[in-house]
Amino acid sequence: MLYLHITSRLIMKPKQPPLTRHMFSVLALATQILTNVNVAAQVRQIRIPGDILIGGVFPVHSKSLNGDEPCGEIAETRGVHRVEAMLYALDQINSQNDFLRGYKLGALILDSCSNPAYALNQSLDFVRDMIGSSEASDYVCLDGSDPNVKKQSQKKNVAAVVGGSYSSVSVQLANLLRLFRIAQVSPASTNADLSDKNRFEYFARTVPSDDYQAMAMVEIAVRFKWSYVSLVYSADEYGELGADAFKKEARKKGICIALEERIQNKKESFTESVNNLVQKLQPEKNVGATVVVLFVGTEYIPDILRHTAERMKLTAGAKKRIIWLASESWDRNNDKYTAGDNRLAAQGAIVLMLASQKVPSFEEYFMSLHPGTEKFERNKWLRELWQVKYNCVFDALPESKAHRCEDIKQSNEGFNADDKVQFVIDAVYAIAHGLQAMKNAVCPDDAIENHWISRYSKQPEICHAMQNIDGSDFYQNYLLKVSFNDVVGKPFHFSPQGDGPASYTILTYKPKTLSKIRRTAEDEGSQSDYVEIGHWSENNLTIYEEQLWWEADHTPVSVCSMPCKIGFRKQLIKDEQCCWACSKCEDYEYLINETHCVACEQGWWPTKDRKGCFDLSLSQLKYMRWRSMYSLVPTILAVFGIIATLSVIVVYVIYNETPVVKASGRELSYILLISMIMCYCMTFVLLSKPSALICAIKRTGIGFAFSCLYAAMFVKTNRIFRIFSTRTAQRPRFISPISQVVMTSMLAGVQLIGSLIWLFVVPPGWRHHYPTRDQVVLTCNVPDHHFLYSLAYDGGLIVLCTIYAVKTRKVPENFNETKFIGFSMYTTCVVWLSWIFFFFGTGSDFQIQTSSLCISISMSANVALACIFSPKLWIILFEKHKNVRKQEGESMLNKSSRSLGNCSSRLCANSIDEPNQYTALLSDSTRRRSSRKTSQPTSTSSAQDTFL
């Protein structure tokens, strides 16, 4: 009928602008299509009179499962509560006489039956009034004459529309209303596309976009470290767009979707989807997609829960294996969600709810509704609700035994108003404030008197601008700019896209009859099984840990792979971001990201968290420490060696004029003893922290100490060899004590000069040495093998000493000092050959190297001290009778004469003229007699008189 009416009006060639004619054409086409929709005989709407009408579209009934009927069961919370919330808001506004200066707001409220097609057909009533209010002057007949139009009562235009609730309904409604520039404010639709002003330029809402909801859900997953989740969404605009928004935000936070299930309202679809979800749980492992994100319409959730309980065979007390993370479509006031086994499946669900507060005045208003009152009767859907809810009948005969609805009054027990009541009231107030601002701008002096005489004496009229509201002007300049404190005292305003403030309350379902886990006294006193566990607003997430249904250290796991331990990197499996195997990094590598290890620079080492490197030289620089065993043992040996050497020096000083001291060659003996002290002192140099001075002493001191020691030994053995190898009567050159000292100084000077040249060429200093990747050793700035090169000269002296010791091994017993020098050389060679192999065999441990070098140096001095000086000390201290001059030395002389046959008469005579280290034990008379006897050359008396 509407289609015929519009076309008949269009045939009359209306004087309309092209845009208006186009709008009517589209409307006519839409009406023709909608004639195929099966509509109930009775139009489901209510009309409240007023000066300015506000439309309303609410899901008073659910969607019918029967294709022959458009509407199903009546919905108390999402339907009737929201209708009454709108009526309550209108009553509050109309009761304020100064709000619109006497204008009364009326309403035309329609039932969408949760069906987009049916809602679109119903919404045509909004534009019928607009078309029907056209005047005859707007049209002309074909012959040019004025049309004959019967006088009609004035019809009022709809200024704005509150609704719809479901996003799919709001999209259809917005597409229709935009053709007629009618503003629309939804109290529940969260579809992100509705923020697109290019498509929905007259749409606003008091709730935020699903984009914010998706952000909140992702942040909850991040908070509990759920990186691998499943996603279930309904095959409608709400589900698909919500799922897209969640996937977009999840990718930003590194959350992977294990499984996506797009479900329809069919049994087969539910069964298949639930089976797929259970398979993804991986019950044989500790990982899997335990968390399931729900973006589905309200009517889908009870069936999902029922199929899940059946498929998983849930029982009370069983381990929770699926955790629902549901959008605000989860209706906590819907008893079907928790009926029967659904309660087992729903237990522990985390639900987002738009942050709304209870409106006590509305609840009081709703509780006051009962049959027979004016406010009850104006809403004819209340009669249907009473009949269904209380199983009663209206207008029953007195003799009837049926339960009379007129006798029933509501009880506060168990009453929970719909969560969107606040947003419905906000939507009505936003429109009213926009109308108030527009009226003050376009009709500042217009008013309707409230006195009954002036109001009813004639039909009141409102100004023309308010009677024919320009929707574009009203939406852009007034509606979007409103700002007020809402019914609960919170400030309200629209965003530039027409969205409401983004704020969500986070709930969890903890049924009292199933579990007492972590229920507080406050929870026990609460009537609801839903417990608030936190809230979210504009990227600010707050979680109340004590209200969670799990223990703090038993957070449910929803991951594909467990996190790798510190020092392990991820090897992604088939480029899957959330599934990986763990591979160990090298000890010296750190992680530049979760999948790549990089080696630290030399001298650097990974931090404990393996996210970077630190400089080892700043915190773990290694050098010899005095308190370590590697330092204590060489130090003790060196100290004892120094004490022993000083003791020998003291003894020699005390017995400096005794025959044994003189016979041992005092000058070279003191050089040997001082050289030994120098060797012992090198231990303290090697154990000190390297510096330029320490390194200089190390490079010169060790070689010089050894050169003094072994040069003196070499001079001794060489002199004895030259004495006993001479075949002529000529005395060998350079055998005097001064000559020996000069020769020793010259030999040691070669080493000292070479070391000084080395210091000039390579100045002393320190450097960092890296024997291994995890060690930084502070050492001198020359390599160890260069240090060994500097000891090559000393090694040559040792070899020469050893050679001459071998050559003089058969000298007479009184010259047995060479045997001790030889033994000292043999032992020294063994010590140093062992040390060389030991040194290079422990190249990674500088402490062992340094300690062994110190011990080897001390052992070299110990061997020389023990072999050369211990026989003399024994005579000096314990055989003193041998350390005196003899009065008669013939027996000794005869013994010496028999044993020596190679001493020339000149050598012997010259050597006995004055006492020396070889004749110190003889008396003066003996020396004179020996001198006279040497004037008679014989083979048996040509040698020196007596030798030790």
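Residues numbered from 1 in each chain as written. Predicted model: local features only at pLDDT ≥ 70, side-chain atom pairs only at ≥ 80, totals over all residues. Heavy atoms only, no water.

The name given to the protein in an unreviewed UniProt entry is G_PROTEIN_RECEP_F3_4 domain-containing protein, with the source organism recorded as Caenorhabditis japonica. Quoted straight from UniProt, the Function (unreviewed entry) entry for the protein says "G-protein coupled receptor for glutamate. Ligand binding causes a conformation change that triggers signaling via guanine nucleotide-binding proteins (G proteins) and modulates the activity of down-stream effectors." If you open the UniProt record of the protein and go to Subcellular location (unreviewed entry), you find "Cell membrane". (UniProt positions renumbered as here; feature names shortened; annotations may be inferred.)

A. Representation of the overall build of the protein. A count of helices and strands for the protein gives 31 helices and 27 strands. For the protein, with 948 residues in total, the buried portion stands at 52%. Of the contacts made within the protein by residues no fewer than 6 positions apart, 71% connect residues no fewer than 24 positions apart. Approximately 45,100 Å² of the protein is accessible, and the part contributed by carbon and sulfur atoms is 55%. (Helix = DSSP H or I, 4+ residues; strand = E, 2+ residues; numbered from the N terminus. Buried < 20%, exposed > 50% of the residue type's maximum accessible area, 1.4 Å probe, protein only. Contact = heavy atoms within 4.5 Å. Areas by Shrake-Rupley, 256 points an atom, 1.4 Å probe, with all protein chains shown as cover.)

B. Examining helix α11 (residues 360–367) more closely. Of all the residues in α11, the buried ones are Phe362, Glu363, Tyr365, Phe366 and Met367. The inward-facing, buried residues of α11 contact α3 (76–94), α12 (374–377) and α14 (421–442).

C. Structural context of empty space enclosed by the protein. Tallied over the entire structure, the rule returns 7 cavities of 30 Å³ or more. Arg78, Arg82, Glu328, Trp330, Asp331, Met353, Asp418, Asp419 and Lys420 together form the lining of the largest cavity. Residues belonging to the lining of the largest cavity are distributed by class as follows: 2 nonpolar, no polar and 7 charged. (1 Å grid on protein atoms, 1.4 Å probe; cavity = no way out; pocket = protein on both sides within 12 Å on 5 of 7 lines; lining within 4 Å. Points joined across faces, edges and corners; volume = space filled by probe spheres on them. Nonpolar A, V, L, I, M, F, W, Y, C, P; charged D, E, K, R; others polar.)

D. Region of interest: the pattern of salt bridges. Under the counting rule described, the total for this entry stands at 27 salt bridges. Here Arg178 makes a salt bridge to Glu201, at a shortest N to O gap of 3.1 Å. With a gap of 23 residues between them, Arg178 in the loop between α5 (167–177) and β7 (183–186) and Glu201 in the loop between β7 and β8 (203–205) connect regions that are remote in the sequence. The exposure class assigned to Arg178 is partly exposed, which follows from its relative accessible area of 29%. One salt bridge in this structure joins Arg332 and Asp419, with 3.1 Å as the shortest N-O distance. Remark: Asp419 occurs in the loop between α13 (381–390) and α14 and Arg332 occurs in the loop between β12 (323–326) and α10 (342–346); sequence separation between them is 87 residues. According to the relative accessible area criterion, Asp419 is buried, its value standing at 11%. Overlapping salt bridges, with partners in common, bring together Asp91, Lys375 and Arg378 in one network. (Salt bridge = Lys/Arg side-chain N within 4 Å of Asp/Glu carboxyl O.)

E. Inspection of the sheet that holds strand β25 (residues 621–622) at higher detail. With mixed pairing, the 3 strands of this open sheet are ordered in space as β25-β27-β26. Edge positions in the sheet fall to β25 and β26 (766–769), since each has one partner strand and no second. Bridge count between β26 and strand β27 (residues 776–780): 4 bridges; the pairing is antiparallel. Directly across from His768, in β27, lies its bridge partner Leu778. (Pairing = 2+ DSSP bridges.)

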